[in-house]
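Remarks on the overall topology
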Amino acid sequence: MSRRALELFVVRGLNRACDLVDAIAYRPAVVRLTRRLPFFWHCQLARASITLDERWGTGYWDSDSAPPVPEGLCDACGRRAAWLVVGGSSDEEEFGDGEDADDRDFLDEHPVNLCGWCRLESLSRPSNQAELDAILAEAGERSIGWRWR
Ligand SMILES: [Zn+2]
């Protein structure tokens, strides 16, 4: 195995190991049981993989098929690593050029980071921080409900 192939193997392997730990550590029952611990798992293996990728230049995290990069903690449950962003996207192309700045709502101005377990299921979009906080609290509680799925 060439050095390059070995580096790619290590970078990819660390991320796969991270996915395996996530599959157990992020289950609702596990998050609920470990809620009072000061420290929790948030994709340290993936971060090690990203660091080594940058050092070795394997390109794994830059490729088209790269996994999503973990971005801090989920704003809803506060325990899992965040992968998704909701809101804050009015400036992007998907909304087209015709959008008026007045149409931007609170979520557009205050994007939320979410893990793969937490979902904002409110029927209305929040219009202020208090409403957003309530929706996030509800989403966090729902995502750690007592069930093994
Ligand atoms: Zn979450």
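Owing to the predicted nature of the structure, the values given are computational and were not obtained by experimental measurement.

1. What to know about the overall build of the protein chain
- Of the regular secondary structure elements, the protein chain holds five helices and two strands.
- Helices (α) and strands (β) of the protein chain occur, in sequence order from the N terminus, as α-α-α-β-α-β-α.
- Per-residue burial over the protein chain gives 24% buried out of 149 residues.
- For the protein chain, long-range pairs separated by at least 24 residues make up 66% of all intrachain contacts whose partners lie at least 6 apart in sequence.

2. As for helix H1 (residues 3–25)
- Between its first and last C-alpha, H1 extends 32 Å over 23 residues, near the 33 Å set by a 1.5 Å rise per residue.
- Listed as buried for H1 are Val11, Leu14, Asn15, Cys18 and Asp22.
- As for H1, its buried residues are in contact with helix H3 (44–56).

About the cut-offs
- Residue numbers here run from 1 along each chain, matching the order of that chain's written sequence.
- Where totals are concerned, whole chains, interfaces and linings use all residues; where local detail is concerned, this predicted model gives features only for residues with pLDDT of at least 70, and gives and counts side-chain atom pairs only at 80 or more.
- Helix and strand assignments come from DSSP, with helices taken as H or I runs of at least 4 residues and strands as E runs of at least 2, each series counted from the N terminus.
- Field definition: a residue is buried when 20 or more other C-beta atoms are found within 10 Å of its C-beta, exposed when 12 or fewer are, and partly exposed for counts in between, with C-beta atoms placed from the backbone.
- Any pair of residues counts as being in contact when their C-beta atoms, constructed from backbone geometry, are within 7 Å of one another.
- To estimate how far a helix should reach, multiply one less than its number of residues by 1.5 Å.

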